[in-house]
Amino acid sequence: MSPIYLDNNATTPIHPDVAQAMLDCNLRGLVNPESQHQLGRESRRTLESARETIGRLLGLHLEDIHADHLFFTSGGTEANNLALQGYRLAANNKNRLIISGIEHPSVTTTATWLASQGIDVQTVNTLNSGQIDCNHLESLLNDETFLVAAMLANNETGVLQPIDKIVSLCQPRSIPVHVDAVQAIGKLSVDFQSLGATSMAVTAHKIHGPRGIGALITKHEHPPQPILHGGFQQAAIRPGTEAVALAVGFAMALELYVANQVGHQEHLLRLRKTLESGILSQLACAVVVGDDSPRLPHTSNISFRGKDRQAVLMALDVAGLCCSTGSACASGSSEPSPTLVAMGLEDEIIEGALRFSLGVFNTDEEIQAAITQICAVAEVL
Ligand SMILES: Cc1ncc(COP(=O)(O)O)c(C=O)c1O
C-alpha cells in the first residue's frame with residue numbers, strides 16, 4: 001500500500017493535467033521568450049498569457065500603465081529574498097526591517113543576514129493564539145522602517161494573520177508591507193488589491209503545480225531593486241531566461257484550484273475536522289495548536305503532550321504515514337519549532353508537536369487509516 005501523504009504544506013503532488021500541459025508545452029518546442037523570431041514571439045505570448053492568468057486569479061490590477069508587477073522567480077524562497085533584499089536596496093537609507101516572529105526561514109534567515117549587514121531588524125511578538133501581536137508591531141514602527149514582512153497564513157499551524165490590521169497600521173505611515181502568501185493562495189481567496197499590501201510572495205508547488213516556480217507580486221510604483229544581475233528579462237528586476245513551461249504549469253494549477261475553491265475548502269475542512277476529532281477523542285495527551293484561531297482548512301498542528309515528536313514521526317513513517325515536525329526547510333533539525341516557541345507554548349507541547357497537512361487528493365479512507373495509525377503509535381510510545 002502506498003504511504004498516506006499528509007505533508008502537503010511541504011509540497012503537493014502535481015496535478016496530472018498540469019503535468020500534461022507542461023509536457024505539451026515542452027514538446028511544442030517553445031524557446032527563449034526574449035528571442036525576436038517567430039518561435040520566440042510565440043513563447044512570449046504563452047508566457048505572458050500565463051502571467052496574466054495568475055495575475056487575474058490573484059486580484060492584481062492588470063490594466064493601464066499602473067498595472068501591478070508579477071516577477072516570476074524560482075519559488076517562494078526567492079520571492080521573499082527579492083522582497084526583503086530588494087526593498088532594502090530601494091530603501092533610501094532607511095534602516096529598519098520588521099518581521100513577525102513566525103515567518104518562514106526564507107524570511108527569518110534573510111533578515112538575520114541583513115542584520116549582519118547592519119540593518120536594524122526587529123521581530124514582532126506573537127500571541128498565544130498564534131497571531132501576530134499588532135500592538136507590539138505598532139510600537140516598533142518608526143520613520144526608519146523600510147518594510148514590514150508578515151505572512152498571510154502560517155505554514156506550521158495554519159493560523160491566519162491579521163494582514164488588514166497590519167496594513168492599516170503601516171499605510172498611514174507610508175511603510176510598505178510584504179506578505180508571504182505561499183500557503184494561502186488557492187486555499188483562501190487571495191486578492192492582492194484588497195489585501196492592500198505592497199508586495200506578495202507566492203509559489204506553485206503548494207497547489208499541485210510544479211516545483212521551481214513562484215513569483216513576487218508588487219504594486220506598480222513599488223518594484224524592488226534587483227538582487228540578481230544579468231539580462232534584461234522581467235525589467236531586469238529578475239533577470240534570467242524565463243521558464244515558460246513552469247509558468248504554464250503554475251497558471252493551470254492555480255486555475256484548477258480556484259475553479260473548485262469552495263469544494264476544496266469543504267473537502268479539506270471536513271477531513272481536518274475528522275482527523276482532529278478522531279485523535280482528540282482517543283488520545284488524552286493530544287492538543288490542537290492554534291485551535292481557537294481562524295486557520296487554513298488543511299493544516300493541523302497536533303501536539304502529543306509528553307511524547308517526543310521525532311520518535312512519533314519516525315514510527316508513523318514506518319507505519320506508512322508521512323507528516324512533519326514543522327517547516328520542510330527546517331526539518332531534520334532537532335531544534336524546536338520557532339513558530340511554536342514564539343507562541344509561548346509549554347515545552348511539553350512544543351516537544352510533542354507534529355504537522356499534518358492535507359491535500360485535495362486525500363480521501364476519507366486515508367484519514368480514517370491515519371487516525372488509527374496515529375493513535376496506535378502514540379499509545380505505544
Ligand atoms: C510560508 C512559506 N513561505 C515560503 C516558502 C518557500 O517556498 P518555496 O519552497 O517555493 O521556495 C514556504 C515553503 O515551505 C512556505 O511554507
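What you see as residue numbers is a count from 1 along each chain, following the sequence as written. Per-residue local features of the predicted model are confined to residues with pLDDT of at least 70, and side-chain atom pairs are confined, for both listing and counting, to 80 or more; whole-chain, interface and lining totals are unaffected and use all residues.

**Digging into the environment of Q36**
Right, so step 1: In DSSP terms, a helix is any run of H or I states spanning at least four residues, a strand is any run of E spanning at least two, and both are numbered starting from the N terminus. Of note, Q36 is situated in the loop between α1 (16–27) and α2 (38–57).
Right, so step 2: Working definition of burial: number of other C-beta atoms within 10 Å of the residue's own, with buried at 20 or more, exposed at 12 or fewer, and partly exposed in between, all C-beta atoms being placed from the backbone. Exposure remark for Q36: the 9 C-beta atoms within 10 Å place this residue in the exposed category.
Right, so step 3: Separated by 74 residues in sequence, Q36 and T110 place their C-alpha atoms 37 Å apart.

**What about the domain arrangement of the chain?**
Right, so step 1: Boundary definitions for the domains trace back to an automatic or database domain assignment. As assigned here, the chain comprises domain 1 (4–12 + 261–380) and domain 2 (16–259).
Right, so step 2: For domain 1 versus domain 2, the distance between C-alpha centres works out to 27 Å.
Right, so step 3: The interface is formed by 27 residues belonging to domain 1 together with 28 residues belonging to domain 2.
Right, so step 4: At the level of elements, α9 (261–282), β10 (299–304) and α11 (338–342) are the ones that each hand at least two residues to the side of domain 1 that touches domain 2.
Right, so step 5: The greatest single-element share of the side of domain 1 that touches domain 2, amounting to three residues, is contributed by α9.
Right, so step 6: Partitioning the side of domain 1 that touches domain 2 into residue classes produces eight nonpolar, 16 polar and three charged. Two residues qualify as a contact pair if the distance between their C-beta atoms, derived from the backbone, is within 7 Å. Classes in brief: Ala, Val, Leu, Ile, Met, Phe, Trp, Tyr, Cys and Pro nonpolar; Asp, Glu, Lys and Arg charged; the others, Gly included, polar.

**Side note on the sheet that holds strand β12 (residues 353–357)**
Right, so step 1: Pairing between strands is defined by DSSP: at least two bridges between the two strands are required. A sheet is described by the order of its strands in space; here three strands give the open sequence β9-β10-β12, paired in antiparallel fashion. Of all strands in the sheet, those with a lone pairing partner are β9 (286–288) and β12, marking the two edges. Across this sheet, the average inter-strand angle for adjacent strands is 30°, counted without regard to direction.
Right, so step 2: Where β10 lies against β12, five bridges are found, and the strand directions are antiparallel. Along β12, the bridge assignment pairs S300 with F356. Here, axes are lines fitted to C-alpha atoms. For helices the fit covers the stretch in contact, and angles between N-to-C directions go from 0 to 180 degrees.

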